[in-house]
Amino acid sequence: MQGTTGLVEGVARIAVLRANALGDFLLAVPALEALKRAYPGAHLTLLGTSWHAEFLAGRPGPVDDVVALPPISGVSTPEPGHPPPEDLCEELLGREFDLAVQIHGGGRFSNPFVRRLGARVSAGLRAPGAELLDRWVPYTDYHHETLRFLQVVALVGGVADGLEARVAVTGDDRAELARALGEPPQGLVAVHPGAMDPRRRWPVERFAEVADLVGRPVAVTGTRQEEDLVMGVVTAMRRSSRPAIPVVGALGIGGLAALYERCDLVIANDTGPRHLAAAVGTPTVAVYWCGNLIQAGPLSRTTHRPLISWITACPRCGASGVDPSAERCPHDPSWVADVSVDMVMEQARDLLGDER
């Protein structure tokens, strides 16, 4: 760790870089709240993407405004060949940020970008070989992301007041839900079979079995890209008297938050919607690969129950999944198939108060 720590004097404008997906953002919310608590009069700008701008517009929380970044390699897209646009850098420089905070990875690409903001003080994460910031903590493997980000904001005086993200559900969110689906049934349980990485997906037929066994009205949620997974769950269910409600691309993130708010439980893979459900106060049961649990699992167990897969090598070729220096093998089988339906149902029944 380099540089002094503690509050920075005279901070009126803060920039925070976190330009990735839903779950990634929600893991950072406690750090954003800690920053806002440390500098209550400062304007906090999130350097994010277009979905952040849409979702956070008018939503209560620590973010005052969002700059939706264009594709920038290693910053807002993994694709090579997209340098930071000069006009964007000039525009951000003109905002005269007092404090720039990098909670966006090890810093190979993000630290040079943050330095170009010209803030009086920069703080963030640094992997070996990455450009220096004024204040930094080492970026290491197998460290929970929320705790990692809270370490960063502690460098500039941020103090946590909780470890789990909270997201406000607005009247617009609830109106979107009503337009799309009407009035959700009482006792609703949602299952979410998708995940960005196919290795994190629990088998579709097991989600269907859980949906049959839970004994409640069920909604199956997913994006348009996950339609096959959603419909796979719906068609594999045997409960013809009460079929599940497929919710495929029908809701934005705000509408999905409103749906999860109405659920008694959400059962999911390790994915952004699981984090969203938790952030609106809904209990969750989720299937996690062990390495992902360390970095992104729920930090409490009262209402959030992760079921852990201990598979550590590719089920097809044996390539290591726990060596951070190992290259990813080309195979995409489920790495979480050793989690049983009985394991999930035990936790689901406990959270639903079902004594069967």
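Further up the page is the structure itself.
Computed from a prediction, not measured in an experiment: that's the story for all the values here. (Residues numbered from 1 in each chain as written. Predicted model: local features only at pLDDT ≥ 70, side-chain atom pairs only at ≥ 80, totals over all residues. Heavy atoms only, no water.)

Undergrad: So, the sheet that holds strand β4 (residues 99-102): which residues are in play, and what are the values?
TA: Spatial strand order, β3-β2-β1-β4-β5-β6: six strands in an open sheet with parallel pairing. Two strands in the sheet have a free side with no partner beyond their single neighbour: β3 (65-68) and β6 (135-138). Pairwise comparison of adjacent strand axes, ignoring direction, gives a mean angle of 15° for this sheet. Contacting β1 (13-17), β2 (43-48) and β4, helix α1 (residues 22-38) crosses the sheet at an angle of about 160° to β2. (Pairing = 2+ DSSP bridges. Helix = DSSP H or I, 4+ residues; strand = E, 2+ residues; numbered from the N terminus. Axes fitted to C-alpha atoms, helices over the stretch in contact; angles between N-to-C directions. Contact = heavy atoms within 4.5 Å.)

Undergrad: So, the pairing of strand β8 (residues 218-222): which residues are in play, and what are the values?
TA: Burial analysis of β8 places five of its five residues in the buried class, which makes it a mostly covered element. Burial along β8 is two-sided: V218, V220 and G222 and A219 and T221, pointing in opposite directions, are all buried. Judged from the three bridges that link them, strand β7 (residues 189-192) and β8 form a sheet pairing that is parallel. Residue V189 lies in a different strand from β8, and its bridge partner there is V218. In this view, the connection linking β7 to its parallel neighbour β8 by way of helix α7 (residues 204-213) has right-handed handedness. Direction of pairing for β8 relative to strand β9 (residues 245-248): parallel, over a ladder of four bridges. Bridging from a neighbouring strand, A219 pairs with I245 of β9. (Buried < 20%, exposed > 50% of the residue type's maximum accessible area, 1.4 Å probe, protein only. Right-handed = clockwise from strand over helix to strand, strands pointing away.)

Undergrad: Residue-level account of helix α8 (residues 227-236), with values.
TA: Along an α-helix, residues three or four positions apart point the same way, because every turn accommodates 3.6 residues. Buried within α8 we find L229, V230, V233 and V234. The buried residues of α8 occupy an angular sector of 135° when projected down its axis, which confines them to one face. Structural note: α8 exposes D228 and T235 on the side pointing more than 90 degrees away from its buried face. The elements touched by buried residues of α8 are β7, α7, β8 and β9. (Arc of directions from axis to C-beta.)

Undergrad: Describe the environment of K36, naming the residues involved and giving the relevant values.
TA: Along the chain, the position of K36 falls in helix α1. Since its relative accessible area comes to 18%, K36 is described here as buried. When the C-alpha atoms of K36 and I14 are compared, they prove to be 9.3 Å apart, with 22 residues separating the residues in sequence. What K36 contacts, discounting residues up to four positions off in sequence, is A42, H43, L44, P62 and D64. Engagement of the side chain of K36 in a polar contact is seen with the backbone oxygen of A42, the distance being 2.6 Å. In this structure the side chain of K36 is engaged in a polar contact, spanning 2.4 Å, whose partner is the side chain of D64. (Polar contact = N/O pair within 3.5 Å; in protein donor to acceptor, adjacent residues only side chain to side chain.)

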